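The chain contents come next:
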Amino acid sequence: MGDEMQPRSYWRWSKHDFFPGDSFQNWSAYRSALSQTFTRLKERVASRSEDADEIVELRKESENEMKRCLSWWDLTWFGFGSVIGAGIFVLTGQEAHEHAGPAIVLSYVASGISAMLSVFCYTEFAVEIPVAGGSFAYIRVELGDFAAFITAGNIILGSIAGSAAVARAWTSYFTTLLNRHPNSLRIHTNLIDGFNLLDPIAVAILAITSIIAISSTRRTSYFNWIASAVNMLVISFVIIAGLAHANTSNLTPFAPHGAKGIFVAAAIVYFAYGGFDNIATMAEETKNPSKDIPLGLLGSMSIITVIYCLMALSLSMMQKYTDIDPNAAYSVAFQRVGMKWAKYLVALGALKGMTTVLLAGAIGQARYATHIARVHMIPPWFSLVHPKTGTPINATLLIRVASACIAFFSSLDVLASLLSISGLLISVMMAVALLVRRYYVRGITPRTNLLKLSFFLLVIIVSSVGTSAYWGLDPNGWLGYTVTVPLWFLATLAILVLLPQDRTPKVWGVPLVPWFPSLSVAINVFLMGSLEAQAFIRFGICTVVMLIYYIFFGLHATYDMAHQPKKPTTSRILEEDMGSARA
C-alpha cells in the first residue's frame, strides 16, 4: 500500500524492477522454475490474453500514462515520416541494378499490395485494441503467448536492425552532400567484409533523434511535420525532374532477370514500406483511435505506394539500370544528366526523410518495447513511462543503444534482407490473427468450427508455402501451381461458406474477409520465399537465440506475470478507452 500511495522514482535500478517474478527470487526458485519448463511452455502456448487486459490491466505496469495528444493529421504525417526514407532512396537503385532492372516499379507494386493488405489488418486491430503494443498485443490476444513472443522477438530484431540500417544510409547521403565518397567518413578496418567499415556518424544521428523522441511526443510530431513537408517537396522535384529527363530506351530490357528478379527485389524493397506499424503503436496517445487511426494509416500508405512507384519509374527512365549507382542512385543519376546541383538537393531530401524515419521509429519502436515489457517478456523496467515527459525513456534507450552498436559495424546490405523476413513474418501472423478474431470467440464458437478453422488455416499456409517453394525450385514451371493455388482458393472459400463470423468489428473492419487476409498470407509467404538463402540462415540464427532467451527467461517471467494477483482496476483508463471506442 505504501508503494501505491507514494510514487516511486522513475530512475531506479533494484533487482525487483528487472526480475520481479517468483521464479527469480533466488537460485533455488530459478532451478525449480527450470524443472517446470515443459509444463509452463504448454500453458503459455495455449494461453491467450483478453482485450480488456491489454487495454486496461497491462497499462498499469507503466505506472504513468502516455499523453493523448495526436490527431489523424499527426498520424498521417507520422506515416510519411515512418516510411519514406532509406528504403526508397537506397534500395531502389540497389535492386534495380542487381535484380529487377526497370521492372523495379513492379516490385514496388507487389510489395505495396502486400503492405496495404497488412495495413487493413493492423487498422482493424488498432481500432479495437488501442494500445502501444501494436501487432504484439493483437497476436497475444488471438494466437496466444508463445506466438506473441515470436512476434516480440522479430519486432525487437526489426527495430534494432532497421534503425541501424537507416542510420548507415544516413551517413552515405551525408557524404554525398559533402561531395565525397559514401565511405569516406567511415573508419576502415581489417574486419570481415560487411562489418569492416565503422560508422560513428550513424551512432550520433541515432543519439540525436532519440533525445528528441524522448523529450515529448507532441514536440516530436511538430518536428516531423516540418521535416516530412520538406521531404515531400524534394520527392516531388525528383519525380518531375526525373520524368523531364526520361529516355524511354532505358526501359529496355524491362525485366532483364525475368519474374524471379522482380519478386526477389519485391521481397527486399518491402523494407521500404516498413514503419507503417508504428502508427498502430501510437494508439494510446491518439485522441480518437476509432477515427484517427484508419485515416492516418490508410491515407498515408495509399499515397506512399503511388509515390514509390513514380520515383522508381523516374529513376529507371532517367538512367540505364546497368549504370545506376547502388549506393546513391538518385544523386548520381541527376549528376549524369547534367543536373549536378540536383544531387545536393536529393541528398538533402534523403537526409530529411531518413531523419524522420529514425525519429518516428524511435517513438513506435519504444512503444512496442514498452508493451512487451508490460507482460514481462523483457524486464518490466523497460515498461516505465516517465511522469513528466509522458514517454517511455527506458524502452527508447533499449532499442537505440542496441541499434547504435549494430550501426557502428554492419553494412546496409547485411541488414536489409534480414529486416524483410522479420516484417513479412509478422504480416503473415497478423493476417492469421485477423481471421482467428473474426471466426473464433471463446465460449461462443463450437469446437467443430474451431477445428474446421484450424484445418483451413493450415491449408492456406501450407499451400502458400508450396507456391513459394515451387517458385524457388522452378521459376519457369507451372504444373505445381495447379495444385497449390486451387488448394489456397478452396480453403479460403471454405472459410467463407462453411464458417459464420462470430465477431464483427464495432467501428471499422477489413473488407472482403476472408479473401484479403488470406491473400495477405499468400503474398507475404511468397515474398519471403523469394529471398536468398543467406537471409534465412541469419534469420535462423537470430530465432535460435530468441528461443534460448525464452526458455531461460521469457517463459518463466510471463508465467509469473500471468499468475500474479491483478491490481485494482483503474476506472479512469477504462472510461477513456470506452469513450474513444464509442466516438
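About the criteria used
Residues numbered from 1 in each chain as written. Predicted model: local features only at pLDDT ≥ 70, side-chain atom pairs only at ≥ 80, totals over all residues. Heavy atoms only, no water. UniProt positions renumbered as here; feature names shortened; annotations may be inferred. Helix = DSSP H or I, 4+ residues; strand = E, 2+ residues; numbered from the N terminus. Rg over C-alpha atoms; globule rule 2.2 N^0.38 Å. Buried < 20%, exposed > 50% of the residue type's maximum accessible area, 1.4 Å probe, protein only. Contact = heavy atoms within 4.5 Å. Axes fitted to C-alpha atoms, helices over the stretch in contact; angles between N-to-C directions. Left-handed = near helix turned anticlockwise from the far one by under 90°. Nonpolar A, V, L, I, M, F, W, Y, C, P; charged D, E, K, R; others polar. Expected span 1.5 Å × (residues − 1). Polar contact = N/O pair within 3.5 Å; in protein donor to acceptor, adjacent residues only side chain to side chain. Salt bridge = Lys/Arg side-chain N within 4 Å of Asp/Glu carboxyl O. Parallel < 35°, antiparallel > 145°, perpendicular 65-115°, else oblique.

The protein chain appears in an unreviewed UniProt entry as Cationic amino acid transporter C-terminal domain-containing protein from Solanum bulbocastanum. UniProt's Sequence similarities (unreviewed entry) comment on the protein chain is quoted here verbatim: "Belongs to the amino acid-polyamine-organocation (APC) superfamily. Cationic amino acid transporter (CAT) (TC 2.A.3.3) family."

Draft legend 1. Structural context of the overall build of the protein chain. Counting its regular elements, the protein chain contains 24 helices and two strands. Taken over the C-alpha trace, the protein chain has a radius of gyration of 24 Å; the compact-globule value for 583 residues is 25 Å, and the two agree within 12%. Across its three principal directions, the C-alpha atoms of the protein chain cover 70 × 55 × 50 Å. The buried share of the protein chain, reckoned over its 583 residues, is 60%. Relative to all contacts within the protein chain whose residues are 6 or more apart in sequence, the contacts with residues 24 or more apart total 84%.

Draft legend 2. Highlighting the packing of helix H12 (residues 217-244) against helix H17 (residues 342-374). Close contact between H12 and H17 brings their axes to 9 Å; oriented N to C, the two are set at 145 degrees. For the pair H12 and H17, the crossing hand works out as left-handed. In this structure, H12 uses Thr217, Thr220, Phe223, Asn224, Ala227, Ser228, Val230, Asn231, Val234, Phe237 and Val238 to contact H17, whose residues at the interface are Ala342, Leu345, Val346, Gly349, Lys352, Gly353, Thr355, Thr356, Leu359, Ile363 and Arg367. Its residues assigned to classes, the contact of H12 with H17 shows eleven nonpolar, nine polar and two charged.

Draft legend 3. The arrangement of unusual backbone geometry in detail. A cis amide bond links Thr252 with the next residue in sequence, Pro253, at an omega value of -5 degrees. Counting through the fold element by element, Pro253 comes out in the loop between H12 and helix H13 (258-269). Cis geometry is found at the peptide bond from Val513 to Pro514, where omega equals 10 degrees. The topology assignment puts Pro514 in the loop between helix H21 (481-498) and helix H22 (515-529). Not every positive phi belongs to a glycine, and Glu63 is a case in point at roughly 70 degrees. Considering the arrangement of structural elements, one finds Glu63 in the loop between helix H5 (51-57) and helix H6 (72-83).

Draft legend 4. Quick peek at the side chain of Gln365. Summarising the element assignment, Gln365 is placed in helix H17. For Gln365, a relative accessible area of 11% corresponds to the buried category. Apart from residues no more than four positions distant in its own chain, Gln365 is found in contact with Ser159, Ser163, Asn278, Ile399 and Arg400.

Draft legend 5. Quick peek at the environment of Val105. Mapping Val105 onto the fold places it in helix H8 (residues 104-128). On the basis of relative accessible area, Val105 is assigned to the buried category, the value being 12%. Taking the C-alpha atoms as reference points, Val105 and Val131, 26 residues apart in sequence, are found 35 Å from one another. Not counting the four nearest positions on each side in its chain, Val105 is found in contact with Phe254, Cys309 and Ala312.

Draft legend 6. Spatial organisation of H12. Helix length check: H12, at 28 residues, gives a terminal C-alpha distance of 40 Å against a target of 40 Å (1.5 Å per residue), a fit within 8%. Its side-chain oxygen placed 3.3 Å from the backbone nitrogen of Arg218, Ser216 serves as the N-cap of H12.

Draft legend 7. Structural context of the pattern of salt bridges. By the definition in use, this model includes 21 salt bridges. Residue Arg168 pairs with Asp199 through a salt bridge whose shortest N-O separation is 3.8 Å. Here Arg168, found in helix H10 (residues 145-177), pairs with Asp199, found in the loop between strand S2 (197-198) and helix H11 (200-215); they are 31 residues apart in sequence, far enough to count as distant. Take Arg168 and Asp199: they sit in the same class, and that class is buried. Arg367 is paired through a salt bridge with Glu285; the nearest N and O atoms lie 2.9 Å apart. Residue Arg367 is located in helix H17, and its partner Glu285 is located in the loop between helix H14 (277-281) and helix H15 (289-318); the two are separated by 82 residues in the primary sequence. Note on accessibility: Arg367 and Glu285 belong to one class, buried. Look at the salt bridges and you will find they share partners, linking Arg48, Asp51, Glu128, Glu142, Arg437, Arg503 and Lys506 into a network.

Draft legend 8. Structural view of the environment of Trp11. Within the secondary structure, Trp11 sits in the loop between helix H1 (2-5) and helix H2 (15-18). For Trp11, a relative accessible area of 43% corresponds to the partly exposed category. It is 48 Å that separates the C-alpha atoms of Trp11 and Val332, two residues lying 321 residues apart in sequence.

Draft legend 9. Main features of the packing of H11 against H17. Relative orientation of the contacting elements H11 and H17 amounts to 50 degrees, with a least axis distance of 9 Å. If you check the angle between H11 and H17, you find them oblique. In the crossing of H11 with H17, the sense of the turn from one axis to the other is right-handed. Note on element contacts: H17 touches H11 through Thr355, Leu358, Leu359, Ala362 and Ile363, opposite Ile205, Leu206, Thr209, Ile212 and Ala213. Residues of the contact of H11 with H17, tallied by class, amount to eight nonpolar, two polar and no charged.

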